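Chain and residue survey
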Amino acid sequence: MVRASMSEDILEDIFAKAVKARIFKKRDILSPDYVPERLPHRENEIRKVGSVLAQALKGNKPNNLFIYGLTGTGKTAVTLYVLRRLKTKALELGLRVNYVYVNTRQRDTPYKVLSDIASSIGLRIPFTGLSTAEVYVRLVKALSRERGVLIVVLDEIDWLVRKRGDDILYRLTRIGNELPGDSMKVSIIGITNDIRFVEMLDARVRSSLGEEEIVFPPYNAEQLNDILSERAREAFYPEAIKRGVISYCAALAAREHGDARRALDLLRVAGEIAEREGSSYVDVEHVKKAWIQIERNRAKEIVSSLPLHARLVLKAILEATKDKPYTTTGELYEVYTNLAKKIGIEVVTQRRISDILSELDMLGIISAQIISRGRYGKTRIIKLSVDETTVVSALEEVSREKQQNFYHPNN
Ligand SMILES: Nc1ncnc2c1ncn2[C@@H]1O[C@H](COP(=O)(O)OP(=O)(O)O)[C@@H](O)[C@H]1O
Ligand SMILES: [Mg+2]
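Per-chain numbering applies: the sequence of each chain, read as written, is numbered from 1 onward. To read the labels, note that chains go from A and ligands from 1, taken in the order they are written. Two thresholds apply to this predicted model, a pLDDT of at least 70 for residue-level local features and 80 or more for giving and counting side-chain atom pairs, whereas whole-chain, interface and lining totals are computed over all residues. Just so you know, side-chain values use all the structure's heavy atoms and leave hydrogens and water out.

A closer look at the overall build of the chain
Formally: In DSSP terms, a helix is any run of H or I states spanning at least four residues, a strand is any run of E spanning at least two, and both are numbered starting from the N terminus. Only protein chains enter the accessibility calculation, which uses a 1.4 Å probe; a residue whose area is less than 20% of its type maximum is buried, one above 50% is exposed, and one in between is partly exposed. Here the Shrake-Rupley method, with its probe set to 1.4 Å, supplies the accessible areas, and only the displayed protein chains count as covering residues. Positive charges come from Lys and Arg alone, negative charges from Asp and Glu alone, with His and the N- and C-terminal ends not counted. Where a charge lies is defined by one atom per residue type: Lys uses NZ, Arg uses CZ, Asp uses CG and Glu uses CD.
Within the chain, the regular secondary structure consists of 17 helices and 8 strands. Along the three orthogonal principal directions, the C-alpha set of the chain runs to about 85 × 70 × 45 Å. Across the 411 residues that make up the chain, the buried fraction comes to 45%. Of the roughly 22100 Å² of accessible surface on the chain, 50% is carried by carbon and sulfur atoms. Taking the average place of the 65 positive charges on the side chains of the chain and the average place of its 55 negative ones, the gap between the two points comes to 3 Å.

Structure representation (structure tokens):
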């Protein structure tokens, strides 16, 4: 009898724990790459992208399309959603319509982009050994033997252009001019999260890529709430989300320019934290912890991508704003120079520091607003725009990893 009851207790414990861990039903639903079946509040954008691409179903070359808007406004998701549906419809109708998706942040050279396009029509390009011009020639030749429509998506196109210029974009948007009339028709969809990139683009590239242009507006808190609720229904067990959690995530992400990726990350990380704590549900406290964790990771990621002098400038900003709300260009340069001397590296010019400040500002880690001081000329009001301890620990961690220990020069 004693034995029986003991084993009962053991099982009771195991079962209780298993029940407790019922938070995620399908975590993948919240992963950034998952394209959901429904995209609430993007009906207009789906309609616009759909009507541009629908030309492919008549055997025509759809106009090139330029899509821009802030991060997390659904540009990638909507584009892939429409393309999948288009492909299915084409199959139904017995038409040859294909697409290839290239993220140029990862596939960051013209060579890689062209190889990806080539392999989508079955042309294999060796990893190295050819010139980009030769790859292009082979691609053109292969395309001229094919029929149907090929839609090429170049996502995060600003990365490639910033690094390698816009020549590839110019060529691809006009590749049709090099192909005989009855060969495969190629349309380009260029996507960017960087609104400023739009103005940077050369006029002739903009006019060939932007035959059609669609701007994706940010989501507001209410819309994010709908998006999250729908995804959460599939991702979590019904009882796993406490009241108020979704709207809290939506409100936080709405403050960050209505970024749906931010909102989904928050919810996913909150769920992971709850699971790790052995909680049977996710509550607002888990979301608060998730927010801090995400901010830390983000700061760490940004800081570790910075070159040494940029990190030094950041460190100088920290020092110069220790007991006041902001610093200015002149003062910062002094603090920076002292730091550089202390660790024995050569200083860069004030001009270069000014560029670094603009970069840090763009990355969202500081704000460096230019103000006029009348006859004293211009200066910048420089302050951190993320939590100070987050930056300190990111800098410490990164300098430890890179073994450039300027953080504690005396150690
Ligand atoms: N309307 C929407 N409904 C459901 N999920 C969405 C919606 N808009 C964006 N998402 C999701 O938010 C995340 C970010 O969207 P994404 O398309 O990658 O944004 P962008 O490409 O504009 O940066 C993705 O996980 C995407 O599935
Ligand atoms: Mg995207």
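Now that the structure has been shown, the text picks up again.
Section: empty space enclosed by the protein
Here is the rule we go by: In this analysis, the protein atoms alone were mapped onto a 1 Å grid. Cavities are point sets where a 1.4 Å probe fits without being able to get out; pockets are open sets with protein on both sides within 12 Å along at least five of seven lines; lining residues have an atom within 4 Å of a point. Grid points are joined across faces, edges and corners, and a volume is the space filled by probe spheres set on the points. Under the grouping applied here, Gly and all other residues not named as nonpolar or charged are polar, the nonpolar ones being Ala, Val, Leu, Ile, Met, Phe, Trp, Tyr, Cys and Pro and the charged ones Asp, Glu, Lys and Arg. Note: domain ranges come from an automatic or database domain assignment.
A complete count under the given rule lists 1 cavity of 30 Å³ or more for this structure. Surrounding the largest cavity, E295, R298, A299, I302, G364, I365 and V386 form its lining. Classifying every residue of the lining of the largest cavity by side-chain character gives 4 nonpolar, 1 polar and 2 charged. Two domains each provide a minimum of three residues to the lining of the largest cavity, namely domain 2 (219–302) and domain 3 (306–402).

A look at the nonpolar core
Selection criterion: Here the nonpolar core consists of buried residues drawn from Ala, Val, Leu, Ile, Met, Phe, Trp, Tyr and Cys, with membership extended through side-chain atoms lying within 4.5 Å. In what follows, a contact means two residues having at least one pair of non-hydrogen atoms within 4.5 Å.
If you look at the biggest cluster of nonpolar residues, it comprises 38 residues, and the most contacted ones within it are L143, L154 and L172. Sort the elements by how many residues they give to this core and helix α5 (residues 132–145) lands first, with 6 residues. Residues in contact with L154, not counting those within four places in the same chain, are V102, T104, V113, L169, L172, I188, I189, G190 and I191. The next biggest cluster of nonpolar side chains, apart from the first, holds 33 residues, and it includes V245, A250, A263 and I294.

Some remarks on a nonpolar patch on the surface
Using the following cut-off: Within this analysis, patches are made of residues with over 30% relative accessible area and no salt bridge. Like charges are joined at 9 Å or less; nonpolar side chains (Val, Leu, Ile, Met, Phe, Trp, Tyr) at 5 Å or less. The salt bridge definition used is simple: a Lys or Arg side-chain nitrogen within 4 Å of an Asp or Glu carboxyl oxygen.
On the surface, a cluster of nonpolar side chains totalling about 400 Å² of accessible area is made up of I10, L11, I14 and F15. With respect to the helices and strands, the residue L11 is situated in helix α1 (residues 2–20). On the basis of relative accessible area, L11 is assigned to the partly exposed category, the value being 42%.

Re the sheet that holds strand β8 (residues 378–384)
Cut-off, in case you're wondering: Any two strands between which DSSP finds at least two bridges are classified as paired.
In spatial order, the strands read β6-β8-β7; together these 3 strands make up an open sheet with antiparallel pairing. Every interior strand has two partners, whereas the edge strands, β6 (327–328) and β7 (366–372), have only one. Pairing of β6 with β8, which is carried by 2 bridges, proceeds in the antiparallel orientation. Bridging across to β8, T327 finds its partner in I382.

Considering the site of ligand 1
Going by this rule: Any residue with at least one heavy atom within 4 Å of a molecule or strand is counted as near it. Distance and chemistry together define a polar contact, namely a pair of N or O atoms within 3.5 Å, with one atom able to donate a hydrogen and the other to accept it when in protein, and with adjacent residues in sequence counting only for side-chain atoms on both sides.
The immediate surroundings of ligand 1 are formed by 21 residues, with P40, G72, K75, T76 and Y219 found nearest. One of the side-chain N or O atoms of K75 is found 2.7 Å from an oxygen atom in ligand 1. Contributions of two or more residues to the shell around ligand 1 are made by α3 (75–93), α10 (221–235) and α12 (260–276). For the shell around ligand 1, the per-class residue count stands at 11 nonpolar, 6 polar and 4 charged. Here the shell around ligand 1 spans two domains, and each of domain 1 (43–216) and domain 2 (219–302) adds at least three residues to it.

A few points about unusual backbone geometry
Located in the positive-phi region is H41, a residue other than glycine, with phi close to 65°. A relative accessible area of 27% means that H41 is categorised as partly exposed. Here the phi dihedral of E156 falls at roughly 50°; this positive angle occurs in a residue that is not glycine.

Some details on the pattern of salt bridges
Enumeration over the complete set of coordinates arrives at 30 salt bridges. Ionic pairing is found between E295 and R298, a salt bridge with its closest N-O pair at 3.3 Å. In this pair, E295 and R298 both sit in helix α13 (residues 284–305), 3 residues apart, roughly one turn of the helix. A residue is classified by how much of its surface remains accessible, and R298, at 31% relative accessible area, is partly exposed. With its nearest N and O atoms 3.6 Å apart, the salt bridge here joins R351 to D355. You can see R351 and its partner D355 sitting in helix α16 (residues 350–362), 4 residues apart, about one turn around the helix. The class for R351 is exposed, based on a relative accessible area of 60%. Taken together, the shared-partner salt bridges connect R27, D265, R268, E272 and E275 into one network.

Thoughts on the domain arrangement of the chain
When the parts come together, some accessible area is lost, and that loss is often what is quoted as the size of the interface. As a reminder of what qualifies: In short, buried area is how much 1.4 Å probe accessible area vanishes from two parts on joining, totalled over both.
Here the chain is partitioned into domain 1 (43–216), domain 2 (219–302) and domain 3 (306–402). Distance from the C-alpha centre of domain 2 to the C-alpha centre of domain 3: 32 Å. With 6 residues of domain 2 in contact, the opposing surface of domain 3 contributes 9 residues. Between domain 2 and domain 3, the buried area comes to about 700 Å², and carbon and sulfur atoms account for 66% of it.

Points about α5
In plain terms, the rule: Here, expected helix span is obtained from the residue count minus one, scaled by 1.5 Å. Here the arc refers to the set of directions running from the helix axis out to each C-beta atom.
Between its first and last C-alpha, α5 extends 20 Å over 14 residues, near the 20 Å set by a 1.5 Å rise per residue. Within α5, the full set of buried residues consists of V135, Y136, L139, V140, A142 and L143. Along the axis of α5, the buried positions cluster into a sector of 165°, meaning they face one direction only. What points out from α5, more than 90 degrees from its buried face, is the exposed set A133, K141 and R145. Turning to α5, the residues buried within the fold contact α4 (110–120), β3 (149–155), α7 (167–173) and β4 (185–192).

Overview of the packing of aromatic side chains
The criterion, for reference: Between the rings of Phe, Tyr and Trp (Trp by its six-membered ring), a pair exists once the centres lie within 6.5 Å; its type follows the angle of the planes, with under 30 degrees stacked, over 60 edge-to-face, and the other angles tilted. The criterion for a charge sitting over a ring is simple: Lys NZ or Arg CZ within 6 Å of the ring centre, and within 35 degrees of the ring normal.
Overall, the coordinates contain 3 aromatic pairs when judged by the stated rule. With 5.8 Å between their ring centres and 35° between their planes, Y333 and Y336 make a pair best called tilted. Here the residue Y333 and the residue Y336 both occupy positions in helix α15 (residues 329–342), the gap between them amounting to 3 residues, near one helical turn. Of the two residues, Y333 and Y336, both sit in the buried class. Above the ring of Y281, the side-chain terminus of K242 is found at 4.4 Å from the ring centroid.

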